[in-house]
Amino acid sequence: MTIYTFFLLSGQSVATLLGRLYFDKGGKSKWMGTIVQLIGFPIFLPYYTTPAYKNSASNRIHSKHPSALILVAVYVVLGLLVAANSYMYSVGLQYLPVSTYSLICASQLAFNAFFSYFFNSQKFTPYVVNSLVLLTISSILLVFQTESTDPSKVSKVKYAIGFICTIGASAGYGLVLSLTQFSIQRILKRETFSVVIDMTVYQSLVATCATLVGLFASGEWKGLTKEMNEFELGKVSYVMTLTWTAIGWQVFSIGAVGLIIEVSSLFSNVISVLGLPIIPVLAVIFFHEKMGGVKAISLVLAIWGFISYVYQQYLDHNKSKIENENDKAESELL
């Protein structure tokens with residue numbers, strides 16, 4: 001869990017900041033901003049040649065597993081949803097300051113909890129509801145926050161578009177997490193590291209194909225050479241920015257799926273939200289963004305909502321521990 005948490009937090013922070021750097025220094029293609037969130041999956045292909053994967057595949061042969069058609073359907077549906085979410089995230093990251101964008105993303109926890117109620121039998125308690133309300137208010141406050149956006153670059157209309165797309169992407173991400181947990185527990189019925197790699201690689205493969213279609217259909221590919229030549233930091237920095245953004249998002253994906261398997265989709269999302277307050281602080285340091293009053297209040301509410309949820313997890317853990325001890329005591333008496 002510690003390793004998966006580190007992957008999630010580090011990948012999310014690095015990829016988000018580099019994604020904003022791409023747009024700040026001359027990047028204009030929303031589809032390119034989307035593709036780099038998905039196309040880094042080949043870095044995991046060498047895993048399929050390792051003894052660990054071969055042993056996992058051997059065990060899979062001797063156990064009951066879903067048909068190839070069902071697996072394809074699962075990966076295609078999840079991959080297309082990921083592609084749509086990534087595009088909306090790309091639009092939001094282009095039009096919003098990275099600190100505002102990150103705080104709005106905190107709303108994904110509320111959406112994930114809602115979908116988990118239906119797909120993963122998630123229970124709602126006063127502390128969970130309190131967490132969802134605080135995170136929702138935290139995001140809504142930011143629609144009135146525009147002073148840190150450069151008016152010469154982003155109009156109020158584009159700011160609103162960025163806000164709506166980021167909210168939509170957060171809702172979609174919450175749905176993807178719940179469906180991923182549902183697929184692993186009810187369809188794949190295996191919780192191993194190989195499943196983490198398979199889910200990451202095949203989802204990303206489908207999503208990459210979908211976004212490549214969008215890139216060529218939109219005609220944005222024609223301007224990529226000019227965009228690279230005019231990138232403020234130079235051609236090498238352009239390539240390196242996109243490369244490390246792609247790697248960062250794949251590291252994040254490994255951490256997110258790993259935590260879903262180890263705990264739950266909602267816990268994975270909570271850790272993701274935990275990392276969101278880190279990004280505004282880094283944005284102030286590296287991008288010299290302003291931390292206005294509304295944004296500061298939003299940050300405090302987001303942290304408060306996170307603490308409320310973590311406290312509920314603590315209560316659930318203690319309750320489960322007591323029940324296990326009672327069951328053990330009863331077994332010993334029998």
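About the criteria used
- Residues numbered from 1 in each chain as written.
- Predicted model: local features only at pLDDT ≥ 70, side-chain atom pairs only at ≥ 80, totals over all residues.
- Heavy atoms only, no water.
- Helix = DSSP H or I, 4+ residues; strand = E, 2+ residues; numbered from the N terminus.
- Buried < 20%, exposed > 50% of the residue type's maximum accessible area, 1.4 Å probe, protein only.
- Contact = heavy atoms within 4.5 Å.
- Areas by Shrake-Rupley, 256 points an atom, 1.4 Å probe, with all protein chains shown as cover.
- Core = buried A, V, L, I, M, F, W, Y, C linked by side-chain atoms within 4.5 Å.
- Expected span 1.5 Å × (residues − 1).
- Polar contact = N/O pair within 3.5 Å; in protein donor to acceptor, adjacent residues only side chain to side chain.
- Salt bridge = Lys/Arg side-chain N within 4 Å of Asp/Glu carboxyl O.
- Patch = residues over 30% accessible without salt bridge, like charges linked within 9 Å, V, L, I, M, F, W, Y side chains within 5 Å.
- Axes fitted to C-alpha atoms, helices over the stretch in contact; angles between N-to-C directions.
- Parallel < 35°, antiparallel > 145°, perpendicular 65-115°, else oblique.
- Left-handed = near helix turned anticlockwise from the far one by under 90°.
- Nonpolar A, V, L, I, M, F, W, Y, C, P; charged D, E, K, R; others polar.
- Phe/Tyr/Trp six-rings, centres within 6.5 Å; stacked < 30°, edge-to-face > 60°.
- pLDDT = per-residue confidence, 0-100.

This part covers the overall build of the protein chain. A tally of regular secondary structure across the protein chain gives 14 helices and zero strands. By residue count, 52% of the 334 residues in the protein chain fall in the buried class. Partitioning the contacts of the protein chain with sequence separation of at least 6, the portion at a separation of at least 24 is 86%. As presented, the protein chain carries roughly 16,200 Å² of accessible surface, and 69% of it is formed by carbon and sulfur atoms.

One finds Leu8, Tyr22, Met32, Ile184, Ile197, Met199 and Tyr238 to be the most contacted residues of the largest nonpolar core, which totals 57 residues. When residues of this core are assigned to their parent elements, the largest contribution, 10 residues, is made by helix 11 (residues 235-262). If sequence neighbours within four positions are ignored, Ile184 has contacts with Lys189, Arg190, Glu191, Val195, Met199, Val257, Ile260 and Ile261. Core analysis: the next-biggest nonpolar cluster, separate from the first, contains 13 residues, Val128, Leu135, Val270 and Val273 among them.

With that out of the way, let us pick up helix 14 (residues 293-333). The end-to-end C-alpha distance of helix 14 is 60 Å, a good match for the 60 Å that 41 residues give at a rise of 1.5 Å each. Every buried residue belonging to helix 14 is among Lys295, Ser298, Leu299, Leu301, Ala302, Gly305, Phe306, Ser308, Tyr309 and Gln312, and all of these are buried.

This part covers the side chain of Thr208. Within the secondary structure, Thr208 sits in helix 9 (residues 193-218). There is a polar contact of 2.6 Å between the side chain of Thr208 and the backbone oxygen of Ser204.

This part takes up the pattern of salt bridges. The final tally for this structure, using the stated rule, is one salt bridge. Between Asp24 and Arg20 there is a salt bridge, with the nearest N and O atoms lying 3.0 Å from each other. Of this pair, Asp24 and Arg20 both sit in helix 1 (residues 2-24), four residues apart, which is roughly one turn of the helix. Residue classification places Asp24 among the partly exposed residues on the basis of a relative accessible area of 23%. Classification of Arg20 by relative accessible area gives buried; the value is 11%.

Together, Phe114, Tyr117, Phe118, Phe119, Phe124, Val129, Val133 and Ile137 line one region of the surface with nonpolar side chains, adding up to about 730 Å² of accessible area. Elements represented by at least two residues in the nonpolar patch include exactly helix 6 (108-119) and helix 7 (126-141). Ranked by the residues each element gives to the nonpolar patch, the list is headed by helix 6, at four residues. Position of Val133 among the secondary structure elements: in helix 7. Relative accessible area serves as the criterion here: at 42%, Val133 is assigned to the partly exposed category.

Further remarks concern the packing of helix 8 (residues 156-188) against helix 11. One can describe the packing of helix 8 onto helix 11 by two numbers: an axis separation of 10 Å at closest approach and a directional angle of 55°. It follows from the interaxial angle that helix 8 and helix 11 lie oblique. For the pair helix 8 and helix 11, the crossing hand works out as right-handed. Here Tyr173, Leu177, Thr180, Gln181 and Ile184 of helix 8 lie close against helix 11, whose contacting residues are Phe252, Ala256, Val257, Ile260 and Ile261. The residue inventory of the contact of helix 8 with helix 11, partitioned by class, reads eight nonpolar, two polar and no charged.

Let's shift gears to the packing of aromatic side chains. Within this structure, the stated rule accounts for 17 aromatic pairs. Between Tyr22 and Tyr238, the ring centres sit 6.1 Å apart and the planes meet at 50°, which makes this aromatic pair tilted. With Tyr22 in helix 1 and Tyr238 in helix 11, the pair connects residues that are 216 residues apart, well separated along the chain. Each member of the pair, Tyr22 together with Tyr238, is buried. Look at Phe216 and Trp221: their rings are 5.7 Å apart centre to centre, the planes differ by 45°, and that puts the pair in the tilted class. Members of the aromatic cluster, each reached through a chain of ring pairs, are Tyr22, Phe23, Phe231 and Tyr238.

Relative to each other, helix 4 (residues 68-95) and helix 9 sit at 60°, their axes nearing to 7 Å. As judged from the angle between their axes, helix 4 and helix 9 are oblique. Relative to helix 9, helix 4 is oriented so that their crossing is right-handed. Residues Tyr75, Val76, Leu78, Gly79, Leu80, Val82 and Ala83 of helix 4 form the contact with helix 9, whose participating residues are Asp198, Met199, Tyr202, Gln203, Val206, Ala207, Ala210 and Thr211. Split by residue class, the contact of helix 4 with helix 9 holds 11 nonpolar, three polar and one charged.

Overall, the prediction assigns the protein chain a mean pLDDT of 82, with 88% of residues at 70 or greater. pLDDT under 50 marks residues 147-152. Its contacts with residues more than four places away, or in other chains, come to 10 contacts.

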